[in-house]
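Structural overview
Chain by chain, the residues:
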Amino acid sequence: LVQAAEKADHKLLVGHHRPHSPILHKAVEIVKSGIVTVVGGGMFVIKVSKDLTSEYDAARLAGLLGTGGGQKHLARGKLNGSAAEAFKRLEDALR
């Protein structure tokens, strides 16, 4: 995932925060346009900036990470497997 982000000249943030955390919202603000995924404790949150929701649906992308759901711009749930495996599935889908 890091290599894909660097190759595409995209910012990447990996952290351990709750979906409504001010830290997550600040990360999205810093990224401005993109997809922010946070994992921790076997759970995940995925946030898609509003300008990208017509192309990327957070609820659909959540299915790549595990079980859960949400809206086009924000989804959360429980990881299926390790975080590394989940990020690999997400990376492959975003290519």
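Just above, that's the structure.
The text that follows walks through the structure, step by step, so that each part is easy to find.

Next up on the list: the nonpolar core. Ranked by size, the top nonpolar core spans 15 residues in total, and within it F44, I46, V48, L61, L65 and L79 carry the most contacts. Elements supplying a minimum of two residues to this core: β2 (43-48), α3 (58-65), β4 (74-79) and α4 (83-94). Looking at this core element by element, the count peaks at 4 residues for α3. Ignoring any residue separated from it by four or fewer positions in sequence, one finds L65 in contact with T37, F44, I46, K78, L79, N80, A86, F87, R89 and L90.

Another aspect to go through is the pairing of β2. Every regular strand shows the same layout, with side chains that alternate between the two sheet faces. Burial analysis of β2 places 5 of its 6 residues in the buried class, which makes it a mostly covered element. Here strand β1 (residues 35-40) runs beside β2; their pairing, made up of 6 bridges, is antiparallel. Following the sheet pairing, V38 is matched in β2 by V45. As defined by bridge partners, β2 adjoins β4 across 5 bridges and the pair is classed as antiparallel. Bridge pairing links M43 to K78 in β4.

Reading the values: the criteria
- Residues numbered from 1 in each chain as written.
- Predicted model: local features only at pLDDT ≥ 70, side-chain atom pairs only at ≥ 80, totals over all residues.
- Heavy atoms only, no water.
- Core = buried A, V, L, I, M, F, W, Y, C linked by side-chain atoms within 4.5 Å.
- Buried < 20%, exposed > 50% of the residue type's maximum accessible area, 1.4 Å probe, protein only.
- Helix = DSSP H or I, 4+ residues; strand = E, 2+ residues; numbered from the N terminus.
- Contact = heavy atoms within 4.5 Å.
- Pairing = 2+ DSSP bridges.

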